[in-house]
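Now for the letters of each chain:
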Amino acid sequence: MKVKIFSTLLIMIASFAYSQNYYMYDFRNVPSDEMSVMMENEEHFWSKVAQDQIKKGNMTGWAMLERMGGSADEPNILFYIGAGSKKNIDQLGASFGEGSQNVMSKMGEDAAVFINRALNIDSRRVGQVILNRTHTEFDTDWDHHNYVKTNFSKVTDMNKMNELQGKVWGKYIKKMMAKDETSQKLWSASNVVSPMGSGYNWNYLTIDTYMTYSDALDGGWKNSPKIPNLSEINSLMGGQFYKQVMWKVVMSVNSKGEFKKH
């Protein structure tokens, strides 16, 4: 009886963890003549804000990514902002405000004058999406990655898609990473929480991460893979992904608050 209760408790904890894995994608389209200033601002100020708030438990991660290829009118910069809980999502604005004040105070009053001037640039934001991560599998030696392939899709049944992603592809890619049949480092699946509705081109996201661009392009397979039956998954997303976009991680702050320039 005690074993059964304990097993039920573990299932409840796991379910709660999935329901509390919120994050934001912040898309920007930055002109080339503004890119260097934005990069400097992110490295020397906003990444420090993220470090401050992650160490306080108000965020779970942060990263700046730059698009590889694609059309000039598409977003070319993507920010990942890990929140974790719904409470942290509610307080993201306040968290960035608090973190900014904390970082400014450490720089001193005189330096803050020049920092504020440098930060006074157009964000070039073109969209924000809040997602909930439902599945994650990663290689045993994973601690970071340099390239991310984002697979956007419009699914007709999100619950069914979540179920199949875990049972079919998640199970398969976990086995392939464990057997060293692929150099892929991490896979995850998420559903869009906001915005929703028929006016948007995608409501579901999976990502594949790698250390090198060449591996990201070909999937990092060591041998020709025997792909499982994906007919149900493909049917739910209309036969194919809405869009696949490749990104290079420029800089990141992990869940321990450690900064890395990739």
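Structure: see above.
Just so it is clear, the structure is predicted and the values come from calculations on it, not from any experiment. (Residues numbered from 1 in each chain as written. Predicted model: local features only at pLDDT ≥ 70, side-chain atom pairs only at ≥ 80, totals over all residues. Heavy atoms only, no water.)

## Description of the overall build of the protein
Looking only at helices and strands, the protein features eight helices and nine strands. Rg of the C-alpha trace for the protein: 20 Å, near the compact-globule value of 18 Å for 262 residues, within the 12% margin. The dimensions of the protein, computed from C-alpha atoms along their principal axes, are 60 × 50 × 40 Å. The contacts in the protein between residues at least 6 apart in sequence include a share of 80% that link residues at least 24 apart. Here the protein displays about 14300 Å² of accessible surface, and carbon together with sulfur accounts for 53% of that area. Positive and negative charge centroids in the protein, built from 30 and 28 side chains respectively, lie 8 Å apart. (Helix = DSSP H or I, 4+ residues; strand = E, 2+ residues; numbered from the N terminus. Rg over C-alpha atoms; globule rule 2.2 N^0.38 Å. Contact = heavy atoms within 4.5 Å. Areas by Shrake-Rupley, 256 points an atom, 1.4 Å probe, with all protein chains shown as cover. Lys, Arg positive; Asp, Glu negative; His and termini not counted. Charge placed at Lys NZ, Arg CZ, Asp CG, Glu CD.)

## Here we look at the nonpolar core
If you look at the biggest cluster of nonpolar residues, it comprises 27 residues, and the most contacted ones within it are Met59, Trp62, Met64, Ile81 and Leu92. Not counting residues within four places of it along the chain, the set of residues in contact with Met64 comprises Met38, Met39, Glu42, Ile77, Leu78, Phe79, Lys248, Val249, Val250 and Met251. Ala63, Phe152, Trp202 and Leu205 belong to the second largest nonpolar core, which has 19 residues in total. (Core = buried A, V, L, I, M, F, W, Y, C linked by side-chain atoms within 4.5 Å. Buried < 20%, exposed > 50% of the residue type's maximum accessible area, 1.4 Å probe, protein only.)

## With respect to the environment of Ser255
Checked against the element boundaries, Ser255 lands in the loop between strand S8 (243–253) and strand S9 (259–261). As for Ser255 and Ser123, which are separated by 132 residues in sequence, their C-alpha atoms are 25 Å apart. Leave out the neighbours within four places in its chain, and Ser255 touches Ile54 and Thr60.

## A look at unusual backbone geometry
Glycine aside, residues mostly have negative phi angles, and peptide bonds mostly take the trans form. Cis geometry is adopted by the peptide bond preceding Pro195, which originates at Ser194 and carries an omega value of 0°. Positionally, Pro195 belongs in the loop between strand S6 (186–194) and strand S7 (204–210). Positive phi, normally seen in glycine, also occurs at Arg124, with a value near 60°. Examined against the element boundaries, Arg124 turns out to sit in the loop between helix H5 (109–119) and strand S4 (125–138). The backbone of Asp180 shows a phi angle near 60°, a positive value even though the residue is not glycine. Positionally, Asp180 belongs in the loop between helix H6 (158–178) and S6.

## Quick look at the pattern of salt bridges
A complete count under the given rule lists twelve salt bridges for this structure. In this structure, the salt-bridge partner of Asp52 is Lys56, at a minimum N-O distance of 2.9 Å. Its relative accessible area of 45% is what places Lys56 among the partly exposed residues. Lys222 serves as the salt-bridge partner of Asp180, at 3.2 Å between the closest nitrogen and oxygen. You can see Asp180 sitting in the loop between H6 and S6 and its partner Lys222 sitting in the loop between helix H7 (213–218) and helix H8 (231–236), a full 42 residues away along the chain. Sharing partners across several salt bridges, the network here consists of Asp26, Arg28 and Arg125. (Salt bridge = Lys/Arg side-chain N within 4 Å of Asp/Glu carboxyl O.)

## Focus: the packing of aromatic side chains
The final tally for this structure, using the stated rule, is eleven aromatic pairs. With centroids separated by 4.9 Å and ring planes inclined at 85°, the aromatic side chains of Phe45 and Trp46 adopt a geometry described as edge-to-face. Residue classification places Phe45 among the buried residues on the basis of a relative accessible area of 3%. Judged by centre distance (4.6 Å) and plane angle (65°), the ring pair of Phe152 and Trp202 falls under edge-to-face. Of this pair, Phe152 sits in strand S5 (residues 147–153) while Trp202 sits in the loop between S6 and S7, and the two are 50 residues apart along the sequence. The same class applies to Phe152 as to Trp202, namely buried. Taken together, the ring pairs in this structure connect Tyr23, Tyr25, Phe27 and Tyr80 into an aromatic cluster. (Phe/Tyr/Trp six-rings, centres within 6.5 Å; stacked < 30°, edge-to-face > 60°.)

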